[in-house]
Amino acid sequence: MKAKSYIWNYALLIGAFFLSLNSLGQQLDTLNSDKVEFLGSGSVRIDGRRGAQILEDNVRFRYDTLLFRCDSLIIYSSKNTFFGYGNVHATNQRSFNLTADSMHVFQNLNLAHVYGNVRLQDSIYVMTTDSLHYNTQEKYAYYLNHGTIVNVENNEIINSHRGYYYPDSRSFFFKGDVVIENPNYLVKSDTLNVLGEENTAYFYGPTKIFKEKSFVYCENGFYNSSTEIAQFKENAIIIHEGTEIRADSIYFNMKDEIAKGFKNVIVIDTANKSIFKGDYLFSDQKKEYALLTEDPLVIQYDDKDTLYITADTIVTYKDTSDKAIINGYYHVAFMNSDFQGKCDSLYYSENDSLLNMYKDPILWQKDNQITGDTIIIKTFDSKIDKMDIYSNSFIITYIDSVFYNQVYSKDMEAFFVDSELDRVHAIGNGMTIYYPLEEETQDSVRIRTIKGMNRIFCRDILLQMKEKEIDQITFYDKPDGKYYPMNQLNLEEMRLRGFKWRESERPMSVNDIYEKANPAKFNIQVETVELLTKEEKEQKKSSAQAAEDQLPLIISKP
């Protein structure tokens, strides 16, 4: 929406003409005065009854640098008023021309008017309207019944029902069905105020801006034609190449295609099936880069499922294959119908469908809780396909509020089939507690009963799952363990070291992911179960037991 500054000079030109026209009224009572040079007419007569001088038939005279012509001229000296009729023409013989059917000047009323087929032209602009008026005291020109301004250099056309021109402040005010047509853009507005000294146009009321790649809607805002920077407010919307941005206020650099959104920001990217929400957005549309913060939410959807992600800050951009990358920083939480998770930072690649979780990651999938120092999730069709867990890998499977199957190892691979955990390969320092179930049928009802507990330690463990339960388990390299019948279970021996059941942190709804991501911010008290080992309790008494921390330990209940 780039405009040239000639329009400000045009406003000054209109003002200068009308001021000259008004001053002319003080001079015409005596033709051929110091400033008025009478050049001729077909006849000159005096109307004594009306106290008027009447000049007819090709009246011509000069006032300063302005040359006037009209079919007839009536001068009322006592009233400081004159009227010019028929083929009115005024020019400075260089770049300024005005034509109209009539011109009226009322010196005592500080008013000057031109009527009928008004055409005002300089070297750059042409204005047409039915009538044009000037208040010599307030110093502004205006039209009230539609006007059109055409820039002959860039073919820009401005139409409005009413228009006001303030030469002293070099400003325009257009009201009612304002339309700016330019080869590069189209503007439709209810009210437009243009400040020449600032090279800035201000929009008031519903405004639409159409450009080759962009559409803008707002009800308040401004645009600077020198910098090509705009600010759109009140129900602001920008649509750029299929991406829609909504916010309370939007800053947009049209030249660099940089946008900033403030408060209630919504970005809808239909091409990548993404929706972004937050209270602050920075977007570089040329680089396809966006930063979202202040309670941001990313919604990634397809025909099968929807993934919700929040964090303190979310950054998105495109990789070399034009696929989306999403980075989340600090207090990350996410969820879809298949899994939910939390971590301190997150990296997601649409290209390989990998979700990388760093720093205290935790993932919930069905009845499984998975933790480690780093978790990398491979998804397929929006569902978990494989998971790699690095360092302090721990899977806890809920049976009931007392009994939990548990697997711990240095690293771990978990494989899923149809969203169900299929097998787990625990690699290095393997530990497991699991409860074998016995099934029996009573009165056509299947009853599963826990008969005891296995606690086994070895290097590696391979678990095969069936119907959400451990079906087969293989231990590698000198397994050591023990089976406990139910009547010999000690509650202190039913937990591995580091056991924490953190179900209360699990986000189960869109509102949850905000609160569970950063409970301190929302004043939410998250309860966790943290059970100390016997050795950890003893270490509080004596540091000499530090070496025993490397052994597979049994967790006791507090």
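Conventions we followed
Residues numbered from 1 in each chain as written. Predicted model: local features only at pLDDT ≥ 70, side-chain atom pairs only at ≥ 80, totals over all residues. Heavy atoms only, no water. Helix = DSSP H or I, 4+ residues; strand = E, 2+ residues; numbered from the N terminus. Buried < 20%, exposed > 50% of the residue type's maximum accessible area, 1.4 Å probe, protein only. Lys, Arg positive; Asp, Glu negative; His and termini not counted. Salt bridge = Lys/Arg side-chain N within 4 Å of Asp/Glu carboxyl O. Polar contact = N/O pair within 3.5 Å; in protein donor to acceptor, adjacent residues only side chain to side chain. Contact = heavy atoms within 4.5 Å. Phe/Tyr/Trp six-rings, centres within 6.5 Å; stacked < 30°, edge-to-face > 60°. Lys NZ or Arg CZ within 6 Å of the ring centre and 35° of its normal. Core = buried A, V, L, I, M, F, W, Y, C linked by side-chain atoms within 4.5 Å.

(A) Inspection of the side chain of Asp338 at higher detail. Its place among the elements puts Asp338 in the loop between strand 25 (324-335) and strand 26 (340-349). Here Asp338 is buried and forms no salt bridge, its nearest opposite-charge partner Lys366 lying at an N-O distance of 4.8 Å. At 3.3 Å, the side chain of Asp338 forms a polar contact with the backbone nitrogen of Ile384. Setting aside residues up to four positions removed in sequence, Asp338 forms contacts with Asp305, Trp364, Gln365, Lys366, Lys383, Ile384 and Ser419.

(B) Spatial organisation of the packing of aromatic side chains. If you walk through the whole model with that rule in mind, you get 22 aromatic pairs. Between the aromatic rings of Tyr202 and Phe222, the centroid separation amounts to 5.9 Å while the plane-to-plane angle is 45 degrees, which identifies the pairing as tilted. Of the two residues, Tyr202 sits in strand 15 (residues 200-211) while Phe222 sits in strand 16 (residues 214-224), which places them 20 residues apart along the sequence. On the basis of an interplanar angle of 55 degrees and a centroid distance of 5.6 Å, the ring pair of Phe262 and Tyr280 is categorised as tilted. Pair noted here: Phe262 is in strand 19 (residues 258-269) and Tyr280 is in strand 20 (residues 274-284), with a separation of 18 residues, a long-range link. Grouped by ring-pair contacts, the aromatic residues Tyr76, Phe83, Tyr85 and Phe106 constitute a single cluster. When the ring centre of Phe499 is taken as reference, the NZ or CZ atom of Arg495 above it lies at 4.7 Å.

(C) Seen up close, the nonpolar core. Ranked by internal contacts, the top residues of the largest apolar core, which has 97 residues, are Tyr165, Phe174, Phe232, Ile309, Phe334, Leu363 and Met387. Those residues in contact with Ile309 that lie beyond four places of it in its chain are Pro296, Leu297, Val298, Ile314, Ile326, Val332, Ala333, Phe334, Leu346 and Ile513. Judged by nonpolar contacts, the second largest core, of 16 residues, contains Phe394, Ile450, Tyr484 and Phe499.

The values are spatial; any link to function lies outside them.
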